[in-house]
Amino acid sequence: MASSLISSIHHIDFDSVFSMEDASLAPVFESLITTGLKEFLGCPAIFYEAALTEFFANGSVRDGLVVNTIGGTAIEISESVFAAAFELPSEGLIDLSDVPKNLVFDARSLFSDSKEQVSISCFKKELKIEYRLLHDILAKTIYVKEGSFDAVTRERFMLMTAITFDVKVNWSQLLFDVLKEMVTPGSRHAKGYAIQICVLLKNIPGLELGESRAFPLPRVLNEKTVHRYVVINEKVGGEEVADAPRVKTTPAKKAKTPKKKAVSKKIPVESDAEAAPFVKKKRTTKESHPSIPQRQESSSSSSDSQMHFDSNDFPLDDTTEAQTSLLAATVDLSSLLDDLKSSLSQRMDDAHSEILSRLHTVERALQNTLGNQNEYFQDLIQSARQEGQNHDDLQILRLNDVKKSVMAQRVTADTESLALRNRFNALDAKILLLDGQVAAIRSEQLEFQAKIAADLLSLSTQIGDLVDYIRGGDAKKGEGSSSRPQPPPYNVQGQGSGGNPGEGSGPLLLD
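Computed from a predicted model, the values in this text were never measured in an experiment.

Calculation notes
- Residues numbered from 1 in each chain as written.
- Predicted model: local features only at pLDDT ≥ 70, side-chain atom pairs only at ≥ 80, totals over all residues.
- Heavy atoms only, no water.
- Disulfide = S-S within 2.5 Å.
- Buried < 20%, exposed > 50% of the residue type's maximum accessible area, 1.4 Å probe, protein only.
- Helix = DSSP H or I, 4+ residues; strand = E, 2+ residues; numbered from the N terminus.
- Contact = heavy atoms within 4.5 Å.
- Expected span 1.5 Å × (residues − 1).
- Pairing = 2+ DSSP bridges.
- Axes fitted to C-alpha atoms, helices over the stretch in contact; angles between N-to-C directions.
- Salt bridge = Lys/Arg side-chain N within 4 Å of Asp/Glu carboxyl O.
- Core = buried A, V, L, I, M, F, W, Y, C linked by side-chain atoms within 4.5 Å.
- Phe/Tyr/Trp six-rings, centres within 6.5 Å; stacked < 30°, edge-to-face > 60°.
- Patch = residues over 30% accessible without salt bridge, like charges linked within 9 Å, V, L, I, M, F, W, Y side chains within 5 Å.
- Areas by Shrake-Rupley, 256 points an atom, 1.4 Å probe, with all protein chains shown as cover.
- Parallel < 35°, antiparallel > 145°, perpendicular 65-115°, else oblique.
- Nonpolar A, V, L, I, M, F, W, Y, C, P; charged D, E, K, R; others polar.

Enquirer: Teacher, can you tell me more about the state of the cysteines here?
Expert: The bond known as a disulfide is covalent and runs between the sulfur atoms of two cysteines. In this structure the tally under the stated criterion is zero disulfides. No disulfide involves C43; its sulfur sits 9.1 Å from the nearest other cysteine sulfur, which is in C198. The class of C198 is buried, set by a relative accessible area of 3%.

See the structure below:
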């Protein structure tokens, strides 16, 4: 498990790489420091195998946090904690497509190993050696990619451009998103960030991490490993290394069958071209150590356990620990193993170069076609964007004019509406006044009608009394007009004119 977690380069020894004689590589590491990755790439190179294995076995993502349980202790890692541990910038680009186009154009010339510009999706061998190195650091350490590194993806090219030209990148979010993909259940993302995760776990109080282990030296970029990287990559690219000493190569010799079987059983083959595998044992003119062949040929010998490498002594992809285990044996085989490593690396490099040479013509033609198509599409997109921008500007102007017109009409309508409201309010006041007047008139009319009715009733009563009196007087006159004098007429009060007060002979008055 540990071999798969440390199979990529996770650490840079900045002090060592700045002491290299080749000054052309120094700007690459300086740009990594400038962009804010020094603490992340150069953190202490130790790891805790048991805790790291448990971390990936139990890890998950919940509410944007990386949650885990190690040794019964619940752990939560937020982006802010992650960024603080490695002093990562939290401001800058998130979408790498926002890298300025003029910088991308300059990078296509700067990165190219020839006089022609490279495409933003190209092959690594088309880049200058320093940018091949930068590409592999990003691919292995930042994105933790598995498999071949020959192809340069558009995303990594844009990130290389941002780093080279000092464009701010939000490393906090970018790296934390990669970590979340690593621990998401069911995710196929490669596991990595081994020593970085161990730094986070070490900062948790009371968490027992178990025994620590030193990081394998071949996985650390220092003066020696960078130099070897340059030698191998320049050979793959078909170039001669002028100043750097050549790697010592040893012709392959046919070994005896028993020894070949013993070596093939004891030492497995690595798939990583940078860590040379061991598949064959070279004869040496020293054998002053006669015990070695006996240990390899006799599987029943008690000393055979010294040459049997298990997961504790020799991780499958860890050449440094292999050398350490070999040094623990009774014989120093370091020079022999270096020769075997160089020989097999040379053979693999030659085979790789031959395959690449056969594909070179097709690749170049395809790349030129893709480059032309890419430029054509970029120009087309830029033209469409410009036309769209012009169209948008025109539409905005039109919308502004319409908006102004609508606002003017609205102001006019509001003014007219206010005038109408004032008129309506005046009419309402007049109507209320008229309603009051009508009510008063109606009240007076009712009072007048009541008074008329009372007067009519009184008049009717008086007329009735008068009629009765007249009728009564006519009757009496007819009976004895000769014997009685005519009675005097009644006054207003209906009283006679006899000798009582109030009597008189005035005319009849009606109330």
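Picking up after the structure, the text goes on.
Enquirer: Explain the side chain of H11 to me, please; I cannot follow it from the model alone.
Expert: Structurally, the position occupied by H11 is in strand β1 (residues 11-12). Residue H11 is classed as buried on the basis of its relative accessible area of 10%. With near-sequence residues (within four places) excluded, H11 lies in contact with L41, G42, C43, A45, I195, R219, V220 and L221.

Enquirer: I would appreciate a short explanation of helix α10 (residues 171-183) in the present structure.
Expert: For an α-helix the count is 3.6 residues per turn, leaving residues at separations of three or four pointing the same way. Under the 1.5 Å per step criterion, the end-to-end length of α10 is 18 Å for 13 residues, consistent within 8% with the ideal 18 Å. Along α10, the positions that sit buried rather than exposed are W171, S172, L174, L175, F176, V178, L179, M182 and V183.

Enquirer: Is there a simple way to think about the pairing of strand β4 (residues 65-70) in this case?
Expert: It is a general feature of regular strands that their side chains alternate between the two faces of the sheet. Note: strand β3 (residues 60-62) against β4, three bridges, orientation antiparallel. Opposite R62, over in β4, you have L65 as the bridge partner. What sits between the antiparallel neighbours β3 and β4 is a turn of two residues, in which D63 has the positive phi angle 55 degrees. As paired strands, β4 and strand β5 (residues 73-77) are joined by five bridges and run antiparallel to one another.

Enquirer: Is there a simple way to think about the environment of E21 in this case?
Expert: Structurally, E21 can be placed in the loop between α2 (14-17) and α3 (26-34). Distance in space between the C-alpha atoms of E21 and E223 is 8.9 Å, their sequence separation being 202 residues.

Enquirer: How should the sheet that holds β5 be read in this particular structure?
Expert: Strand pairing in a sheet takes place through backbone hydrogen bonds and is either antiparallel or parallel in direction. A sheet is described by the order of its strands in space; here three strands give the open sequence β3-β4-β5, paired in antiparallel fashion. Strand pairing shows two members of the sheet lacking a second neighbour, β3 and β5, which therefore form its edges. The average angle at which neighbouring strand axes cross in this sheet is 35 degrees, direction not considered. Contacting β3, β4 and β5, helix α5 (residues 49-58) runs over the sheet at an angle of about 125 degrees to β4.

Enquirer: I would appreciate a short explanation of the pattern of salt bridges in the present structure.
Expert: Should their charged atoms come close, side chains of opposite charge can pair. In the structure shown here, the tally under the stated rule is four salt bridges. A salt bridge links E49 to R213; the nearest nitrogen and oxygen atoms lie 2.4 Å apart. Of this pair, E49 sits in helix α5 while R213 sits in strand β8 (residues 213-214); the two residues are 164 residues apart in sequence, bridging distant segments of the chain. E49 gets classed as partly exposed once you look at its relative accessible area, which sits at 26%.

Enquirer: What is the right way to look at the nonpolar core in this model?
Expert: Across soluble globular proteins, nonpolar side chains have a tendency to be buried as a group. F29, F82, I142, W171 and L175 are the most contacted members of the largest nonpolar core, which has 82 residues in total. If one sorts the elements of this core by residue count, α10 sits on top with eight residues. For I142, the residues in contact, after removing those within four places along its chain, are L37, F40, L41, I137, W171, L174, L175, V178 and Y193.

Enquirer: Explain the packing of aromatic side chains to me, please; I cannot follow it from the model alone.
Expert: The description of an aromatic ring pair uses the distance of the two centres, along with the angle that the planes make with each other. Throughout the structure, instances matching the rule amount to 11 aromatic pairs. Seen in terms of ring centroids, F82 and F176 are 5.6 Å apart; in terms of plane orientation they differ by 55 degrees. Their pairing is tilted. Note that F82 is positioned in helix α6 (residues 79-86) and F176 in helix α10, a separation of 94 residues in sequence. Residue classification places F176 among the buried positions, given a relative accessible area of 1%. Each residue in the set F40, F82, F86, F176 and Y193 is aromatic and connected to the rest through ring pairs, giving one cluster.

Enquirer: Please clarify how a nonpolar patch on the surface should be interpreted in this entry.
Expert: A contiguous nonpolar surface patch, about 420 Å² in accessible area, is contributed by Y376, F377, L380 and I381. Its place among the elements puts F377 in helix α16 (residues 334-480).

Enquirer: Please clarify how the packing of α6 against helix α11 (residues 194-202) should be interpreted in this entry.
Expert: Helix-helix packing is described using two parameters, namely the angle between the two axes and the distance between the axes. Axis separation between α6 and α11 bottoms out at 11 Å; the angle between their running directions is 105 degrees. Classified by the angle their axes make, α6 and α11 are roughly perpendicular. On α11, the residues touching V81, F82, A85 and F86 of α6 are Q196, V199 and L200. Partitioned by chemical class, the residues of the contact of α6 with α11 number six nonpolar, one polar and no charged.

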